[in-house]
Amino acid sequence: MDPDTAMGGPHGHFPSTQLSLLEAAAAGLPNEALERVAALYWKPVYRFVRLKFRLSNEDAKDLTQSFFATALERDFFARFDPAKASFRGYVRMAVERFAANQYAAARRVKRGGDIEFEPVSEQAASTESPEQIFEREWQRQLFALALDDLRAHCAEAGKQLHFAIFDAYDLADGDRPSYADLAARHGIAETAITNHLAWARRMLRALVTERLRGVTAGERDLREEARRLWI
Amino acid sequence: MNKIFVGLGFGLLLGALDGATAAFYPETRNLLTGIMVGSSIKGMLVGLLSGWFAHKVQSTKWGIVVGASLGLLFAFLVAVMEASNGKQHYLEIMLPGFVVGAIIGFLTQRMGAPRLATRAAEPRA
Amino acid sequence: MDLSDSVLDHLRHVAALPDLSSTRYELESEIGRGGLGIVYAAHDRTLDRRVALKVMDAALAGEAQIIARLEHPAIVPIYETGTLPDGRAFYAMKLVSGARLDGYLAGSPSLAERLRVVRRIGEALAFAHTRGALHRDLKPQNVMVGEFGEVYVMDWGVEAVAGTPGFRAPDAPLDERSDIYALGALLDFVLPAAASPALRAIARKAMRADPGQRYPDAPALLADIERFQEGLAVEAWAEPLWHRLRRFVARNAVLLWLLAAYAGIRLLLFFLRGR
């Protein structure tokens, strides 16, 4: 098996096999699990509460911070039942409950409400529900983290060229250069471009899958989320 | 039971029934037995030939045509015979004969063992 | 790194492409996607022909061995199965050109044609069952009708993953009779809105909640359909008397007409005579 595609590679900088959330929690590593959850879920939760409860930037940030600080206690993972929902859905519901409680408390304290209603600029344009935004942001963040992993891996494995080509082509927003352009730019054959891209994409897929494994609870959850993830 | 027997059987039955309708006509009532016998024989002849045809050719349409034609033919012969005795009953004899022939033709096509099976049932050439 | 929506979607698409470098296939294009996996058109370099490649999660790959050994005109032949470097499983199979069942029905085929399709599916099912293979996920999306009317049943032996509920039997361990249930549901699906109550009754019988009350096997269901097509009484339906009469008349129309002609002639002659 190609050592470069083996998880972690020869210079892997993260554990070769990610434990699923439940495994991590069961093994008594809840902090590690919490960190993983926070790393992935911070932005999605922020955008979700901002849209759903129509909060200002500041209020949304505060809410998100306090959610991760307080709501994610030890038994957050224990209470999760994989048969009922995906972990992602579970987190979203927890956020909704948390926010509802916060506002109930807030209204009791600050009569008249202190919450600023600032229309989120994207809100008018977006036709997506807050739930869809939540999933999308989650996907975005998942890929962003996997791309960081990829960049790091390429740097350590001496595959900077692979990443450069991948960056120029697959990460291009708008017009993509042609294979011929890329070949000329880097002084290699077009077939090499094809191969490098294929390698980078496979690597990305593997990295995304690993990240996904670390934030899902078990095989079934992983499979379901994977199914939704890939177009 | 092969098609020839089907033809003979139904020819006999339908011929007899057709002949029996003469009972409705007072002038022929006393000749009823004779008429029925004659009609049965006519029917059996039609049935025999229709059955033989059905044995060779599988086609409901042509079976009806052949049966009807045979029925008409034999009915014609009978009518000619009657005419020579001074009784002109062409219409009354030929028209029903035509339809009965058609029915016999139809039944021989639809019933009885078809060609392939009878071939298989005949071990001797 | 802030990914734009378009880049995100692009990545989701390209990272899903299978790595076929260790196989003898060359990826051509994506044909479609089901609940289980993605189907691609590919080129077999060794045999120089186009094939269909179905790529899915390894755990969902079904009884490939049994299915691959089934040779039947309505069962898509599987050429090869294997594992990709990323852990996914793939099947290489015959590339079928044609329409899926729902697309085929959009062309308003006649009732006879629809029943013919159901018969082909039933025959494939009967064949597979005698060889010990179940389908487990029979539904319109798994049936293809080719341009010359060939019928193919695909995706054998893979248990449904929260698929179309209407075609899945409520039985707990799936067995042959669950496939019968699905066949009944398919029959119901292809029937036009104004279908005969006899046909609906056949479909309903196959879809009884209690498996013991369904048809015992596919040939029994097909036999009932055949009885319907020949104008005979259908086992599944207790038909009202007037319908039974109508059927009798329809079946014996020619004979009844001939008898009516005879009666008519006799009456005519009688009245002409007895003036």
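Throughout, a residue's number is its position along its own chain's written sequence, starting from 1. Each chain takes a letter, starting from A, and each ligand takes a number, starting from 1, following the order in which they are written. Local features in this predicted model are restricted to residues of pLDDT 70 or higher, and side-chain atom pairs are both shown and tallied only at a pLDDT of 80 or more, whereas totals for entire chains, interfaces and linings draw on every residue.

### With respect to the overall build of chain C
Segments assigned H or I by DSSP are reported as helices when at least four residues long, segments assigned E as strands when at least two residues long, and all are numbered from the N terminus. The helix and strand tally for chain C stands at nine helices and eight strands. Note on burial: count the other C-beta atoms lying within 10 Å of the residue's C-beta; 20 or more is buried, 12 or fewer is exposed, in between is partly exposed, and C-beta positions come from the backbone. Relative to its full complement of 275 residues, chain C shows a buried share of 35%. Contacts in chain C between residues far apart in sequence, at least 24 positions, make up 57% of those at least 6 positions apart. By definition, residues are in contact whenever their C-beta atoms, placed on the basis of the backbone, come within 7 Å of each other.

### What about the packing of helix α4 (residues 111–130) of chain C against helix α7 (residues 218–229) of chain C?
All names here are of chain C. Viewed as axis vectors pointing N to C, α4 and α7 meet at an angle of 155 degrees, and their least axial separation amounts to 8 Å. One finds that α4 runs roughly antiparallel with respect to α7. Of the two possible hands of crossing, α4 and α7 adopt the one that is left-handed. Contacts between α4 and α7 involve L115, V118, R119, G122, L125, A126 and H129 from the former and A218, P219, L221, L222, I225 and Q229 from the latter. Throughout, the ten residues Ala, Val, Leu, Ile, Met, Phe, Trp, Tyr, Cys and Pro are labelled nonpolar, Asp, Glu, Lys and Arg are labelled charged, and all others, Gly among them, are labelled polar. Residue classes in the contact of α4 with α7 are distributed as nine nonpolar, three polar and one charged. Axis definition: a line fit to C-alpha positions, over the contact stretch in the case of helices; interaxial angles, taken between N-to-C directions, run 0 to 180 degrees. Here roughly perpendicular refers to angles of 65 to 115 degrees, roughly parallel to angles under 35, roughly antiparallel to angles over 145, and oblique to all remaining angles. In this scheme, a crossing is called left-handed if the near helix is turned counterclockwise away from the far one by less than a right angle; it is called right-handed if the turn is clockwise.

### Overview of the sheet that holds strand β2 (residues 37–44) of chain C
Backbone-to-backbone hydrogen bonds pair the strands of a sheet. The strands run either parallel or antiparallel. All names here are of chain C. Should DSSP find at least two bridges between two strands, the strands are taken to pair. Overall, antiparallel pairing links the five strands, which are arranged β1-β2-β3-β5-β4 in an open sheet. The outermost strands of the open sheet, each flanked by one partner alone, are β1 (25–33) and β4 (78–83). Recorded for the sheet is a direction-independent mean angle of 25 degrees between the axes of neighbouring strands. Here β2 pairs with strand β3 (residues 49–56) via eight bridges, running antiparallel. Residue pairing across strands places A41 opposite A52, the latter belonging to β3.

### What to know about the interface of chain A and chain C
Across the contact, 20 residues belong to chain A and 19 residues belong to chain C. Elements with a contribution of two residues or more to the side of chain A that touches chain C: α7 (130–157), α10 (190–214) and α11 (219–229) of chain A. The element contributing the most residues to the side of chain A that touches chain C is α10 of chain A, with seven residues. Looking at the side of chain A that touches chain C, its residues break down into 11 nonpolar, two polar and seven charged.

### Quick word on the confidence of the model for chain C
pLDDT measures how confident the predictor is about each residue, on a scale from 0 to 100. Predicted confidence across chain C gives a mean pLDDT of 89, with 95% of residues reaching 70 or more. The ipTM value of the predicted complex is 0.84, and its pTM value is 0.68.

### Concerning the packing of α4 of chain C against helix α5 (residues 176–190) of chain C
All names here are of chain C. Relative orientation of the contacting elements α4 and α5 amounts to 170 degrees, with a least axis distance of 10 Å. Taken together, the axes of α4 and α5 are roughly antiparallel relative to one another. Contacts between α4 and α5 involve R114, V117, V118, I121, G122, L125 and H129 from the former and E176, D179, L183, L186, L187 and V190 from the latter. A per-class count over the contact of α4 with α5 returns eight nonpolar, two polar and three charged.

### So, the environment of F163 of chain A
Residues and elements named next belong to chain A. Within the secondary structure, F163 is located in helix α8 (residues 160–169). Of the residues examined, F163 has 21 C-beta atoms within 10 Å and is grouped as buried. Sequence separation of F163 and A200 is 37 residues, and the distance between their C-alpha atoms is 6.9 Å. Setting aside residues no more than four positions away along its own chain, F163 makes contact with L150, R151, C154 and A200.

### Quick look at the nonpolar core
Within the largest apolar cluster, 68 residues are counted, with the highest numbers of intra-cluster contacts made by L53, I121, L183, L186, I202, A206 and L221 of chain C. The element contributing the most residues to this core is α5 of chain C, with nine residues. Where each domain starts and ends comes from a domain assignment, either automatic or drawn from a database. Of the domains in this structure, domain 1 (5–94) and domain 2 (98–239) of chain C are the two that each give at least three residues to this core. Working definition: the nonpolar core is a set of buried Ala, Val, Leu, Ile, Met, Phe, Trp, Tyr and Cys residues, joined through C-beta atoms within 7 Å. Counting 48 residues, the second-largest nonpolar core is a separate cluster that includes A33, F98, F166 and A200 of chain A.

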